[in-house]
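Here is how the chains run, residue by residue.
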Amino acid sequence: MRTTGVAKAPRPAVRITPTSPSQIEWEVQQLQINIARRAFEFFQLRGGEHGHDWDDWFRAESELLRPVSVAISESNQRLSVRVNVLGFEPGELKIAVEPSRITVLGAKQKVSPDSEYPDQTFRVIELPAEVNPDAAAIAFESGVVKLELFKASDTTNKANQQSA
């Protein structure tokens, strides 16, 4: 007779405090430098043959970054964004919310030397509508970052248009 394992209860959602875009900027620059270095290594391995710069860049990204999938749903007043960041814990993620985009940056704190997966992730998500970053609600649950964003009000948009 086979025994069956007991299913673990899912962990409750954890709130994530947004990070300011300026705090993430330096880390993103360092990540881009690492990608550029790796892409240059591929260029050198081909004997300096030109014309494959995008191939080299994307290959370097695929080696250094875990992929991130995104789903966005929109209503009249809100945007709901789901970002799949499996393998990361809430404390390993930095999320910046700006009026027209979201930046997700993740770095594993503990990396196994025999791991076949990269220990970082990075994604900039362009939003279909402007949002109010100060009202963002961000939660992490079962490997997914869930963002609830309120669209910028029509009065704010009109005031910005008139001042321009």
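Cut-off values and rules
- Residues numbered from 1 in each chain as written.
- Predicted model: local features only at pLDDT ≥ 70, side-chain atom pairs only at ≥ 80, totals over all residues.
- Heavy atoms only, no water.
- Helix = DSSP H or I, 4+ residues; strand = E, 2+ residues; numbered from the N terminus.
- Buried < 20%, exposed > 50% of the residue type's maximum accessible area, 1.4 Å probe, protein only.
- Contact = heavy atoms within 4.5 Å.
- Areas by Shrake-Rupley, 256 points an atom, 1.4 Å probe, with all protein chains shown as cover.
- Pairing = 2+ DSSP bridges.
- Axes fitted to C-alpha atoms, helices over the stretch in contact; angles between N-to-C directions.
- Phe/Tyr/Trp six-rings, centres within 6.5 Å; stacked < 30°, edge-to-face > 60°.
- Lys NZ or Arg CZ within 6 Å of the ring centre and 35° of its normal.

(A) Representation of the overall build of the protein. Broken down by element type, the protein carries 3 helices and 8 strands. Buried residues in the protein amount to 29% of all 164 residues. Considering only intrachain contacts with a sequence separation of at least 6, the fraction spanning at least 24 residues in the protein is 59%. Approximately 11,100 Å² of the protein is accessible, and the part contributed by carbon and sulfur atoms is 51%.

(B) Layout of the sheet that holds strand β6 (residues 120-126). In spatial order, the strands read β4-β5-β6; together these 3 strands make up an open sheet with antiparallel pairing. The open sheet is flanked by β4 (93-97) and β6, the only strands paired with a single partner. Strand after strand, the sheet turns through a mean of 5° between neighbouring axes, direction not considered.

(C) Molecular detail of the packing of aromatic side chains. Considering all chains together, one arrives at 2 aromatic pairs under this definition. Aromatic side chains Trp54 and Phe58 sit 5.6 Å apart centroid to centroid with 25° between the ring planes, which places their arrangement in the stacked category. Highlighted residues: Trp54 and Phe58, both in helix α2 (residues 53-64), separated by 4 residues, approximately one helical turn. Seen from the ring of Phe88, Arg66 lies directly overhead, with NZ or CZ sitting 5.1 Å from the centre.

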